[in-house]
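# A closer look at the structure
Read off the chains here:
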Amino acid sequence: MNFIVAVTKNYAIGRKNQLLFHLPSDLKYFKEKTTGKVVIMGDRTYLSLPKRPLPNRTNIVLTLDKNFKANGAIVVFNLKELFEKIKQFQPDDVFVCGGASIYNQLAKYCHKAYITKIDKVVEDADAFVTNIEELSNWKKISSTESKTENGLDFRFEVFENTHVEEFKE
Ligand SMILES: NC(=O)c1ccc[n+]([C@@H]2O[C@H](COP(=O)([O-])OP(=O)(O)OC[C@H]3O[C@@H](n4cnc5c(N)ncnc54)[C@H](OP(=O)(O)O)[C@@H]3O)[C@@H](O)[C@H]2O)c1
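Presented here is an overview of the structure given in this document. Since we're looking at a predicted model, the values are computed, not measured.

Looking only at helices and strands, the protein has four helices and twelve strands in total. On C-alpha atoms alone, the protein measures out to a radius of gyration of 15 Å, which is about the 15 Å that the 2.2 N^0.38 rule sets for 169 residues. Dimensions of the protein, computed from C-alpha atoms along their principal axes, come out at roughly 40 × 35 × 30 Å. Put simply, the protein has 169 residues, and 34% of those count as buried. The long-range fraction of contacts in the protein, counting pairs at least 24 apart against all pairs at least 6 apart in sequence, stands at 66%.

Further remarks concern unusual backbone geometry. A cis amide bond, omega -5°, links R52 with the succeeding residue P53. With respect to the helices, strands and loops of the structure, P53 is situated in the loop between α2 (43-48) and β5 (58-62). Between G98 and the following residue, G99, the backbone shows a cis peptide bond with an omega angle of -5°. Structurally, G99 can be placed in the loop between β7 (94-96) and α4 (100-106). Residue N56 is not a glycine yet carries a positive backbone phi of 60°.

Read from one edge of the open sheet, three strands run β3-β2-β9, paired in antiparallel fashion. For this open sheet the edge positions go to β3 (18-19) and β9 (127-128), each flanked by a neighbour on one side alone. With two bridges connecting them, strand β2 (residues 12-15) and β9 associate as antiparallel partners. From the neighbouring strand, G14 faces β9, where its bridge partner is A127.

Around the ligand, 29 residues are found, and the nearest of them are G14, G42, T45, G98 and G99. Among the secondary structure elements, those contributing two or more residues to the shell around the ligand are β1 (2-7), β2, β3, β4 (38-42), α2 and α4.

It is worth spelling out helix α1 (residues 24-34) at this point. The set of residues buried in α1 consists of D26, F30 and T34. Viewed end-on, α1 has its buried residues packed into an arc of 55°, placing them on one side of the element. Opposite the buried face of α1, at more than 90 degrees from it, the exposed residues are P24, K28 and E32. In this fold, the buried residues of α1 make contact with β1, β4, β7, β8 (112-118) and β12 (152-161). Downstream of α1 by a residue or two, G36 has a phi angle that is positive, lying close to 80°.

Definitions and limits used
Residues numbered from 1 in each chain as written. Predicted model: local features only at pLDDT ≥ 70, side-chain atom pairs only at ≥ 80, totals over all residues. Helix = DSSP H or I, 4+ residues; strand = E, 2+ residues; numbered from the N terminus. Rg over C-alpha atoms; globule rule 2.2 N^0.38 Å. Buried ≥ 20, exposed ≤ 12 C-beta atoms within 10 Å, placed from the backbone. Contact = placed C-beta atoms within 7 Å. Pairing = 2+ DSSP bridges. Near = placed C-beta within 6 Å. Arc of directions from axis to C-beta.

So, in structure tokens, the structure goes:
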């Protein structure tokens, strides 16, 4: 299992249930990585999508709301159900796609992290993720050159987890 996220320098990822920035190259990168694969999201991120479910992907939504309606997406109500459901897929084909609460619960079970690093600090965000670079088990394995779009510098980095935890109930 992987996770894929766009973060600022202070690991902010969202505000008012929206992304912080519009970066077409990042959306393209996300689409390239996840098309044909399985995407896992919390219900808030799912509801923030302009088009849902994400096309050409198996969408899995985590929610506590038993009445949650997600036509065309698989709905699961806890991590046990989630891990049962993803057993049928290749772990490499499964991408955790947010938001903050879902990344923070699932990062330790991921083998790889695809992180778009935006070279800016955003203090007034309301969704943040753990900085995996502060954890000794995550190693950077690649980074692109910086690119600039809409006045923002960013690069794509990939990290590998050398100590993946196994999900236990
Ligand atoms: N920068 C990026 O790459 C990126 C990517 C994705 C999202 N985001 C941003 O992240 C923000 C949203 O993050 P968020 O943390 O507020 O919301 P979220 O993670 O999308 O969804 C949270 C909801 O998921 C449900 N949930 C969480 N853990 C669960 C579990 N173990 N079992 C069942 N349900 C569970 C809960 O639903 P209930 O409401 O029913 O309690 C919880 O309220 C937005 O601003 C979004 O734009 C950024």
